[in-house]
Amino acid sequence: MQENGSLKLFKHGPTVEARLFALAFLALALLIVDARWSALEPVRQGISVLLYPFQRIMLAPRDGVERVKGWVDAANEMQIEKAALQRQRIELAQMATHAAQLAAENEQLRRLLNVPDIVTQPSIAVEVLFEPTSAFNHHLVFNKGSSSGIQPGMPVIDEGGVVGQIVRVTPFTAEAALITDDKLSIPVQILRNGLRLIAFGGGADGKMEVRYLTAGADIESGDELVTSGIGGLFPAGLPVAEVDSVHRDSATGFAMALASPLAHPERHRHFLVLQVDVEAARRNEEALNGQTGGRR
Amino acid sequence: MAARRVRVEVARKGAGLSSLEPIDKTPFRLAASPGFIWLTVVLVWLFSLLQWRTWQPAPDLLLLVIAYWCLNEPGRIGMVTAFCFGLLMDVHDGSLLGVHALTYTLVAYGTLVLSRRLQRFNSVVQCIHMLPVFVVAKSASRLIEGWLAGEWLGWGWLWSAILMALLWPLVDVLLQMPQRRHEEGDGGSV
């Protein structure tokens, strides 16, 4: 045959259709695997480590402008902050005396009931790097990652209360889902009466939903929801949301409440990540699952 | 009389010459330099890392530039490049891996399939051809993403596709600029 010896004038790769099927199949496989399992996390981490220097370079002008603005405005900002702090100090002084009284009383009661003390939580201050563009979730990307000790599952708070939860970390960045994200649910209780509930993100825009309430549940608009500490990830007593409205459905016998988050992640750039013991919480959960699984 | 005849002769000659002008006056497109192609793609990619894309109808400029080079320089930028840049955008956006990769691959394929036809038209007609390509590619990945997430997030992305099609002639002018300048330089020697 002459074909073997003939000159190759044109480069013949795989046809366009073959390449389309290969790449589209690969993309679909990635999509489905990524949506269902976490097997692709190492790939994502590798790529995001490569991306990180470019992201920082592109954000450098913005950070520079903010820094210069900070310097120029320093005196003015200090005065405003000083006034705010003065006011806060007077308010807090009143509360502090009250709190000291309560703390002493609480300690005494704890001793009586043999309840262990609440430990203070170590935390890491983080800054927002950017808000990822995705219509399907409400996330924020912070400037510290697993190299600073952040792990998936840790809660994020600001001065108002719970902001969200870390869902993904790379060595230098961490991605947090806000409490309004529909994949997040937080064990809460009503501050007024201690009723334990679960608040879910999603639903209406920027709101949280409290679902699976019996129609007679004692919940009213204006109730403050705080974390209940059940589950081990969110420490007890952090403000989460305020109930706006309660919908009671007499047909199903269930009620549902809408609540507005008390934290305002859109107003701040700095947040605290609480370094809870994620491993311990996971072990507890596994132990519980193991028990129920064994019974089956 | 003689002088007049000569003048007529000259006039006739002039008319003859002007009738010899080529029917197709559009200049040949020179190949863009590979450095320029990659520079534009990387610059637009870097620009896409900024925050302006949080606005949902924002046009995907990276996709637009990749589609443009797929049409004009299919030897340099093809479906594999489109796929890789799509994957980079997926990681940056924190979306499911493969959403942008699928869109970019489909747009690159659509452009490559239509390229023979598109090259006969100017950029305004091209942009009418590109609109369905953008819409189909985006709707495919939106449908799959919606199916996996269990919710449909509306039609805001259609504006993005329309804006991209509208920006096509502008991209054509901007990315052809260096090649055009080259032609003008050559014009004197012909």
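Just above sits the structure.
Predicted, not measured: the structure shown is a model, and the values here were computed from it.

Student: Tell me about the overall build of chain B, residues and numbers included.
Tutor: Of regular secondary structure, chain B possesses seven helices and zero strands. Ordering the α and β elements of chain B from the N terminus gives α-α-α-α-α-α-α. Out of the 190 residues in chain B, the part that is buried amounts to 36%. By sequence separation, contacts in chain B at least 24 residues apart represent 69% of the contacts at least 6 residues apart.

Student: Before we move on, could you go through the overall build of chain A and cite the residues and values that matter?
Tutor: Looking only at helices and strands, chain A has four helices and twelve strands in total. For chain A, the proportion of its 296 residues judged to be buried stands at 24%. Across chain A, every contact between residues at least 6 apart in sequence was considered, and the portion connecting residues at least 24 apart equals 57%.

Student: Please set out the nonpolar core residue by residue, giving values where relevant.
Tutor: Judged by nonpolar contacts, the single largest core of 47 residues is most densely connected at I66(B), A67(B), Y104(B), V107(B) and A108(B). Residues F142(A), L233(A), L262(A) and V273(A) belong to the second largest nonpolar core, which totals 43 residues.

Student: Describe the sheet that holds strand 2 (residues 139–142) of chain A, with residues and values.
Tutor: Residues and elements named next belong to chain A. An order of 1-2-5-4-3-12 is seen for the six strands of this closed barrel, with the pairing classed as antiparallel. Across the sheet, the mean angle from the axis of one strand to that of its neighbour is 45°, orientation sign disregarded. Pairing between strand 3 (residues 155–157) and strand 4 (residues 162–169): three bridges, direction antiparallel. Residue pairing for strand 4: P155 is matched across the bridge by Q165.

Student: Go over the environment of P171(A) with me, naming the residues and quoting the values.
Tutor: All names here are of chain A. Inspection of the secondary structure puts P171 in the loop between strand 4 and strand 5 (174–178). We classify P171 as partly exposed; it has 14 C-beta atoms within 10 Å. For the pair P171 and G46, spaced 125 residues apart in sequence, the C-alpha separation works out to 9.6 Å. With near-sequence residues (within four places) excluded, P171 lies in contact with V49, G145, S146 and S147.

Student: Would you mind going over unusual backbone geometry in detail, with residue names and values included?
Tutor: All names here are of chain A. Although it is not a glycine, Y212 sits at a positive phi angle of roughly 60°. Here Y212 is to be found in strand 8 (residues 208–214). On the neighbour-count criterion, Y212 (12 C-beta atoms within 10 Å) is exposed.

Student: Residues and numbers for helix 3 (residues 74–113) of chain A, please.
Tutor: Residues and elements named next belong to chain A. With 40 residues, helix 3 should reach 58 Å at 1.5 Å per residue; the first-to-last C-alpha distance of 51 Å falls well below that figure. The element helix 3 is barely covered by neighbouring structure, given that only zero of its 40 residues are classed as buried. Where helix 3 terminates, the next one or two residues include N114, which has phi positive at roughly 60°.

Student: Report on the pairing of strand 7 (residues 196–200) of chain A, specifying residues and quantitative values.
Tutor: Residue and element names in this part refer to chain A. Alignment of strand 6 (residues 185–190) against strand 7, held across five bridges, turns out to be antiparallel. Across the sheet, the residue bridging to I186 is A199, located in strand 7. In terms of strand pairing, strand 7 meets strand 8 through two bridges, oriented antiparallel. Residue pairing across strands places F200 opposite E209, the latter belonging to strand 8.

Student: Which residues make up the packing of helix 4 (residues 79–93) of chain B against helix 5 (residues 99–118) of chain B, and what values go with them?
Tutor: Residues and elements named next belong to chain B. The contact between helix 4 and helix 5 brings their axes to 7 Å, and the two run at 155°. In terms of orientation, helix 4 and helix 5 fall into the roughly antiparallel class. The element helix 4 and its partner helix 5 pack so that their crossing is right-handed. Of the residues in helix 5, those touching helix 4 at M79, A82, F83, F85, G86, L87, M89 and D90 are V99, H100, A101, T103, Y104, T105, V107, A108 and Y109. Counted by class, the contact of helix 4 with helix 5 contains twelve nonpolar, four polar and one charged residues.

Student: So what about the interface of chain A and chain B? Which residues, and what values?
Tutor: Many analyses report the size of an interface as the accessible area lost when the parts associate. If you look at the interface, chain A gives 28 residues, while chain B gives 31 residues. Counting residues per element, the side of chain A that touches chain B draws most heavily on helix 1 (residues 16–36) of chain A, which supplies eleven residues. Grouping the constituent residues of the side of chain A that touches chain B by class yields 18 nonpolar, five polar and five charged.

Student: Outline the sheet that holds strand 6 of chain A, supporting the account with residue identities and numerical values.
Tutor: Residues and elements named next belong to chain A. What the six strands build is a closed barrel, ordered 6-7-8-11-10-9; its pairing is antiparallel. Neighbour-to-neighbour, the strand axes of this sheet turn through a mean angle of 40°, independent of strand direction. Bridge count for strand 6 against strand 9 (residues 224–227) is three bridges, and the pairing is antiparallel. Residue pairing in the sheet places Q189 in a bridge with V226 of strand 9.

Calculation criteria
Residues numbered from 1 in each chain as written. Chains lettered and ligands numbered in written order. Predicted model: local features only at pLDDT ≥ 70, side-chain atom pairs only at ≥ 80, totals over all residues. Helix = DSSP H or I, 4+ residues; strand = E, 2+ residues; numbered from the N terminus. Buried ≥ 20, exposed ≤ 12 C-beta atoms within 10 Å, placed from the backbone. Contact = placed C-beta atoms within 7 Å. Core = buried A, V, L, I, M, F, W, Y, C linked by C-beta atoms within 7 Å. Pairing = 2+ DSSP bridges. Axes fitted to C-alpha atoms, helices over the stretch in contact; angles between N-to-C directions. Expected span 1.5 Å × (residues − 1). Parallel < 35°, antiparallel > 145°, perpendicular 65-115°, else oblique. Left-handed = near helix turned anticlockwise from the far one by under 90°. Nonpolar A, V, L, I, M, F, W, Y, C, P; charged D, E, K, R; others polar.

Shape is all these values report; function is a separate question.
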